[in-house]
Amino acid sequence: MTRFTLDGFDLDGFVAATLAEDLGDRGDITSAAVIPAEARFTGVMDTRDAIVVAGLGIAEAFFRALDPEVRITRLVEDGARVPAHSELMRLEGSARALLTAERSALNTVQHLSGIATLTRAYVDAIADTGAVLLDTRKTIPGLRRLEKYATRTGGAQNHRLGLWDAAMIKDNHIAVAGGIAPAVQRAVAAGIARIIVEVDRLDQIAPALDAGATHLLLDNMPPALLREAVALVGGRVPTEASGGVRLDTVRAIAESGVTYVSVGRLTQSAPAADIGLDFTVI
């Protein structure tokens, strides 16, 4: 067994908190009433959709938390691209424990696999353009590291993990600071190494670069305007297209020559994968 690990993520704490939310102070009253204590199940987790798999190690942790002796065989690993009706995992253990852990395990795998699957679709759509797909901070509170794990599993590059790892000077910062130049200059004076500046007009590019921006976020620009912006930047800093990017528009955006394309939909709007768990009494 390989235990799931992720920098900055407390697997045991996540599992305990999630199960506590489901069990409350009375536990799984249905399984306790209906399922004999000695009953055992075998189960198969499978997908009804074609997916990119993510989160199996976390699902395993839910089952082991309630039945430390459960026998689990993973049939694929995270990152695998599998067709519909593929088996992902087989289990054998306490019927009560497996039923109690089922929903928490499935919710996690469905959510993370949905994100990984959508991410892979975007990665495929911009293949051979030279642009790199980025995720964003548009994540469910408390789940950012897991959701960014899922986007990485799907082939994206993680962007900012939080407000602490780079300056992101957006339109509201610029308005309060009195302009792009003073906003960027203050970030430079504060000793911030990575200074990302959002621009939505071509005339904002030179002031941002002259003041010390290290990365330009080109916001809501159509492909033709993006090409002009990339030409003006001339490779001095990375460029990132962002805002309203959809699966049907991402390739044209990537072909504009930008370094990156960031997509909030990866975590904000990914549909859950249709994954189930079927049990048999043994």
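Owing to the predicted nature of the structure, the values given are computational and were not obtained by experimental measurement.

Visitor: Tell me about the sheet that holds strand β12 (residues 275-281), and please be specific about residues and values.
Guide: Here we have four strands laid out as an open sheet, ordered β3-β5-β1-β12, and antiparallel in their pairing. Because the sheet does not close on itself, it has two edges, and the strands there are β3 (71-74) and β12. Looking at each pair of strands side by side, their axes are set apart by 15° on average, direction ignored. In this structure, strand β1 (residues 40-47) lies alongside β12, joined through seven bridges in antiparallel fashion. Bridging from a neighbouring strand, Thr47 pairs with Ile275 of β12. Where helix α4 (residues 95-125) meets the sheet, it contacts β1, β5 (87-94) and β12, and its direction lies at approximately 160° from that of β12.

Visitor: Run through the sheet that holds strand β10 (residues 239-242), naming residues and quoting values.
Guide: Read from one edge of the open sheet, six strands run β6-β11-β10-β9-β8-β7, paired in parallel fashion. Each of the sheet's edge strands pairs with one partner strand only, and the pair in question is β6 (132-134) and β7 (167-169). With strand direction ignored, the average angle separating the axes of adjacent strands in the sheet is 25°. The sheet contact formed by β6 and strand β11 (residues 260-262) spans three bridges and is parallel. Within the sheet, the bridge partner assigned to Leu134 lies in β11 and is Ser262. The sheet contacts of helix α7 (residues 180-189) involve β7 and β8 (195-199), and relative to β8 the element is tilted by about 170°.

Visitor: Lay out the side chain of Ser104 with the relevant residues and their values.
Guide: Counting through the fold element by element, Ser104 comes out in helix α4. Those residues in contact with Ser104, other than ones at most four positions away along the chain, are Thr18, Leu19, Asp22 and Phe62.

Visitor: Account for the nonpolar core, naming residues and giving values.
Guide: One finds Met45, Phe63, Leu88, Val197, Leu216 and Val261 to be the most contacted residues of the largest nonpolar core, which totals 83 residues. Per-element tally for this core: the top contributor is α4, with 11 residues. Every residue in contact with Met45, bar those within four places of it in the chain, is listed here: Leu56, Ala59, Phe63, Ser86, Glu87, Leu88, Met89, Leu106, Val109, Ile275, Gly276 and Leu277.

Visitor: Lay out empty space enclosed by the protein in plain terms, naming residues and giving numbers.
Guide: All told, the structure shown has one cavity of 30 Å³ or more when counted by the stated rule. One number sums up the size of the largest cavity: a volume of about 30 Å³. For the largest cavity, the full set of lining residues is Leu218, Asn220, Met221, Leu226, Ala241, Ser242, Gly243, Val245 and Ile253. Tallied by class, the residues present in the lining of the largest cavity amount to six nonpolar, three polar and no charged.

Visitor: Could you give me a rundown of the layout of surface pockets, with the residues and numbers involved?
Guide: One way to see where empty space is left: roll a probe the size of a water molecule over the atoms. The computed volume of the largest pocket comes to approximately 470 Å³. Taken together, 23 residues line the largest pocket, and the ones lying closest to its centre are Thr136, Lys138, Lys170, Leu217 and Ser242. For the lining of the largest pocket, the secondary-structure elements that each account for two or more residues are β9 (215-219), β10 and α11 (265-268). When its residues are assigned to classes, the lining of the largest pocket shows five nonpolar, nine polar and nine charged. Its volume calculated, the second largest pocket comes out at about 260 Å³. Lining the second largest pocket are 13 residues, with Phe14, Thr18, Ser104, Asn107 and Thr108 sitting closest to its centre. The element best represented in the lining of the second largest pocket is α4, accounting for six residues.

Visitor: A description of α4 should follow, citing residues and the corresponding values.
Guide: Here α4 contains 31 residues, and its C-alpha end-to-end distance of 43 Å stays within 8% of the 45 Å for a straight helix at 1.5 Å per residue. Glu102 marks the point of greatest bend in α4, at about 40°.

Visitor: Please give an account of the packing of aromatic side chains that cites residues and values.
Guide: Scanning the model with the defined rule gives five aromatic pairs in all. Ring plane angle 80° and centroid distance 6.2 Å describe the contact between Phe4 and Phe9, whose orientation is recorded as edge-to-face. Among the residues examined, Phe4 registers a relative accessible area of 10% and is labelled buried. Look at Phe4 and Tyr149: their rings are 5.1 Å apart centre to centre, the planes differ by 85°, and that puts the pair in the edge-to-face class. Here the residue Phe4 occupies a position in the segment before α1 (11-23), and Tyr149 occupies one in helix α5 (residues 144-154), the gap between them amounting to 145 residues. Assigned by exposure class, Phe4 and Tyr149 land together as buried. Put simply, the rings of Phe4, Phe9, Phe14, Phe62 and Tyr149 touch in pairs and so form one group of aromatic residues.

About the thresholds
- Residues numbered from 1 in each chain as written.
- Predicted model: local features only at pLDDT ≥ 70, side-chain atom pairs only at ≥ 80, totals over all residues.
- Heavy atoms only, no water.
- Pairing = 2+ DSSP bridges.
- Helix = DSSP H or I, 4+ residues; strand = E, 2+ residues; numbered from the N terminus.
- Axes fitted to C-alpha atoms, helices over the stretch in contact; angles between N-to-C directions.
- Contact = heavy atoms within 4.5 Å.
- Core = buried A, V, L, I, M, F, W, Y, C linked by side-chain atoms within 4.5 Å.
- Buried < 20%, exposed > 50% of the residue type's maximum accessible area, 1.4 Å probe, protein only.
- 1 Å grid on protein atoms, 1.4 Å probe; cavity = no way out; pocket = protein on both sides within 12 Å on 5 of 7 lines; lining within 4 Å.
- Points joined across faces, edges and corners; volume = space filled by probe spheres on them.
- Nonpolar A, V, L, I, M, F, W, Y, C, P; charged D, E, K, R; others polar.
- Expected span 1.5 Å × (residues − 1).
- Bend = angle between axes of the 7 residues up to and from the residue.
- Phe/Tyr/Trp six-rings, centres within 6.5 Å; stacked < 30°, edge-to-face > 60°.

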